[in-house]
Amino acid sequence: MITPVIAIHGGAGAMARAAMSPEKEQEYLDALRRIVAAGQQVLADGGSALDAVTEAVRLLEDCPLFNAGHGAVFTSAATHELDAAIMDGATLRSGAIANVSNVRNPVLAARKVMENSKHVFFVGAGAENYAAEQGLEIVDPSYFSTEARREQLLRVQRENPDAAVLDHDGQALVARGQPAPADPLDSDKKFGTVGAVALDAQGNLAAATSTGGITNKQVGRVGDAPLIGAGTYANNRTCAVSTTGTGEMFIRMVSAYDISALMEYTGASLEQAADRVVMEKLPTIEGKGGLVAVDAQGNVALPFNTEGMYRGFGRVGQQPEVAIYR
Ligand code: ASP
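The rules behind each value
- Each chain has its residues counted from 1, running along the sequence as written.
- Only residues with pLDDT of 70 or above have their local features reported here, since the model is predicted, and side-chain atom pairs are shown and tallied only from 80 upward, although totals for entire chains, interfaces and linings are computed over all residues.
- Excluded from the side-chain calculation are hydrogens and water; included are all heavy atoms of the structure.
- UniProt positions are given in the numbering used here, feature names are shortened, and annotations may be inferred rather than shown by experiment.
- Think of it this way: any DSSP run of H or I at least four residues long counts as a helix, any run of E at least two long counts as a strand, and we number them from the N terminus.
- Here's how the labels work: a residue is buried when its accessible area is under 20% of the maximum for its type, exposed when over 50%, partly exposed in between, all with a 1.4 Å probe on protein chains only.
- When checking whether two residues touch, look at their non-hydrogen atoms; a contact exists if any pair is within 4.5 Å.
- What the arc describes is the spread of directions from the helix axis to the C-beta atoms.
- Every axis in this analysis is a line fitted to C-alpha atoms, fitted for helices over the stretch in contact. Angles between the N-to-C directions lie between 0 and 180 degrees.
- When describing relative orientation, an angle under 35 degrees is termed roughly parallel and one over 145 degrees roughly antiparallel, while 65 to 115 degrees is termed roughly perpendicular and anything else oblique.
- By convention the crossing between two helices is left-handed if the near helix lies anticlockwise of the far one by an angle smaller than a right angle, and right-handed if it lies clockwise.

A. Main features of the UniProt feature "active site" (unreviewed entry) in the protein. Taking the numbering used here, the UniProt-annotated feature "active site" (unreviewed entry) corresponds to T193. Summarising the element assignment, T193 is placed in the loop between β5 (185-191) and β6 (194-199). Residue classification places T193 among the buried positions, given a relative accessible area of 8%. Aside from chain neighbours lying at most four places away, what touches T193 is H9, G10, G11, N67, T209, S210, T211, A225, T243 and T244.

B. Seen up close, the UniProt feature "binding site: substrate" (unreviewed entry) in the protein. UniProt tags R221, V222, G223, D224, T244, G245, T246 and G247 as "binding site: substrate" (unreviewed entry). Tracing the sequence through the fold places D224 in the loop between β7 (205-211) and β8 (232-234). Under the relative-accessibility criterion, D224 is labelled buried at 6%. Beyond its immediate chain neighbours, meaning those up to four positions away, D224 contacts A230, G231, T243, G247, F250 and I251. For G245, the location among the structural elements is in strand β9 (residues 239-245). Residue class for G245 comes out buried when judged on its relative accessible area of 8%.

C. A look at helix α4 (residues 124-133). Those residues of α4 that fall on the buried side of the exposure criterion are G124, A127, E128, Y130 and A131. Down the axis of α4, the sector holding all buried residues measures 160 degrees, keeping them to one side. In α4, those exposed residues whose orientation departs by more than 90 degrees from the buried face are A125 and E133. On its buried side, α4 packs onto β3 (94-100), α3 (106-116) and β4 (121-123). Following α4 by one or two positions, G135 adopts a phi angle in the positive range, close to 85 degrees.

D. Structural context of the packing of helix α8 (residues 255-266) against helix α9 (residues 270-281). Look at α8 against α9: their axes get within 8 Å of each other, and the N-to-C directions meet at 135 degrees. Here α9 runs oblique to α8, going by the angle between their axes. Between α8 and α9 the crossing geometry is right-handed. Listed contacts from α9 to S255, D258, I259, L262 and M263 of α8 are L270, A273, A274, R276, V277 and K281.

E. Layout of the environment of R150. When you line up the elements, R150 lands in helix α5 (residues 147-159). Placed 65 residues apart in sequence, R150 and T215 show a C-alpha to C-alpha distance of 9.5 Å. Setting aside anything within four residues of it in sequence, one finds R150 in contact with F74 and S145.

In structure tokens, the structure reads:
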């Protein structure tokens with residue numbers, strides 16, 4: 001008898017050390033709890049793991065608190081380029097899109113690619129056209145912009161124009177008399193990708209990840225989120241994984257697949273494999289971030305090597321558990 005479970009993340013990063021208002025923190029926790037609960041409901045109604053991760057990531061994309069969909073970060077050219085992927089652990093079917101700027105919900109486009117195309121990965125204009133042909137909602141690129149993210153870009157460009165991942169924290173901002181960051185995790189040091197993994201009542205696993213990338217990234221840059229095996233992976237034989245962090249390092253380490261491979265080839269448990277990748281392997285190349293993972297038995301792992309990660313999980317019939325810091 002399998003108890004279905006879903007786990008989600010809304011990005012990992014450094015803590016905003018400036019006094020964080022309890023209200024703001026509560027806002028993040030409430031959003032995480034609401035979205036875990038929505039995923040649990042899909043599973044409780046007999047929905048598939050694929051449907052649960054699709055719905056959770058769609059809700060995370062629509063929530064401006066997280067850096068994916070509405071509220072996505074800006075590129076160095078003050079544009080948005082969104083990436084997403086989804087994978088079905090039962091069949092290894094996958095779909096991904098990258099560098100799109102007008103598809104409201106990139107995760108839905110990734111799902112269409114998986115289900116209706118003979119290909120796995122579309123980028124740029126081809127991905128946008130495919131999403132439109134599939135009847136998905138197309139929006140003006142300004143839909144993704146929020147004032148908070150624009151200020152973040154301007155701050156990065158002013159203070160550290162070459163950095164794509166910033167080098168200062170909330171404390172430093174306050175010391176310079178600038179407003180304290182509004183996120184519990186320092187928005188300049190946080191990797192705001194969103195993702196979900198789930199196990200359904202049939203024993204099937206699925207993973208989905210969606211992102212705006214990192215602030216001030218060069219136009220055309222693609223991170224790990226849409227790359228099957230790097231930021232997203234699911235295989236019923238082992239586990240489902242969705243990552244967040246310095247995408248380049250997760251690509252170089254093929255991190256999501258590495259967890260599955262460690263389990264398959266060495267017999268490691270989910271927890272052992274996930275800890276090894278996040279706490280031992282990624283740090284050797286200064287890879288920062290974390291991931292959510294679930295295995296075919298319903299074990300959940302939520303490791304991160306940063307100060308915090310927006311995260312939560314819920315088993316069907318139980319209350320969602322959500323957290324930000326260690
Ligand atoms: N991993 C993402 C990327 O490199 C960033 C993130 O996690 O927010 O695009």
